[in-house]
Amino acid sequence: MGHKDIVKVEDRELSQDEVDVLSLIAPEATINIIREYEVAEKQYLERPERVVGVLSCPNHNCITNENEPVETKFDVLDDGVRCEYCETIVRDDLAAHIAAE
């Protein structure tokens, strides 16, 4: 028998950037939008080809970690993400690299 985890976000809907990050962490997740106690929408996640500005690069020498106005950009791979600037690949614990807003 399978398992189900539930995360409840009240009083707002997730942005596309937040949905993209969620798809990296839990690619088989489903998002249910509840309005007036009923499921109004059901979204199945798709992994994007690229994520911009939502992850931080773990490479301390990457230009995105300097005092430069450079937004992070990662290409999504089958088993992780790759920084477009320094080509560092992140495979484990993507949730730890979510950029603080």
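Refer to the structure presented above.
(A) Molecular detail of the pairing of strand β5 (residues 80-83). Sheet analysis places strand β4 (residues 73-77) next to β5, joined by 4 bridges and oriented antiparallel. Across the sheet, residue L77 finds its bridge partner in β5, namely G80. The hairpin formed by β4 and β5 contains 2 residues between the paired strands. When β5 meets strand β6 (residues 89-90), the two strands line up antiparallel, connected through 2 bridges. Note on β6: the bridge partner recorded for V81 is V90.

(B) Examining the sheet that holds β4 more closely. Strand order in this open sheet of 4 strands is β3-β4-β5-β6, and the pairing throughout is antiparallel. Edge positions in the sheet fall to β3 (50-52) and β6, since each has one partner strand and no second.

(C) Seen up close, a nonpolar patch on the surface. Judged by side-chain polarity, V7, V9 and L14 come together as a nonpolar surface patch covering roughly 260 Å² of accessible area. Among the secondary structure elements, V9 is positioned in the segment before α1 (16-25).

(D) A look at the side chain of T72. Residue placement: T72 occurs in the loop between β3 and β4. Note on T72: relative accessible area 11%, which makes it buried. Excluding anything up to four places from it in sequence, T72 contacts V51, V52, G53, V54, L55, S56, C57 and T64.

(E) Geometry of unusual backbone geometry. With a phi close to 50°, E36 is a non-glycine residue in the positive phi region. Within the fold, E36 resides in the loop between β1 (30-35) and β2 (38-44). Of note in this structure, E87 is not a glycine but carries a positive phi near 65°. With respect to the element layout, E87 can be found in the loop between β5 and β6. Given the relative accessible area of 58%, E87 is considered exposed.

About the thresholds
- Residues numbered from 1 in each chain as written.
- Predicted model: local features only at pLDDT ≥ 70, side-chain atom pairs only at ≥ 80, totals over all residues.
- Heavy atoms only, no water.
- Pairing = 2+ DSSP bridges.
- Helix = DSSP H or I, 4+ residues; strand = E, 2+ residues; numbered from the N terminus.
- Patch = residues over 30% accessible without salt bridge, like charges linked within 9 Å, V, L, I, M, F, W, Y side chains within 5 Å.
- Areas by Shrake-Rupley, 256 points an atom, 1.4 Å probe, with all protein chains shown as cover.
- Salt bridge = Lys/Arg side-chain N within 4 Å of Asp/Glu carboxyl O.
- Buried < 20%, exposed > 50% of the residue type's maximum accessible area, 1.4 Å probe, protein only.
- Contact = heavy atoms within 4.5 Å.

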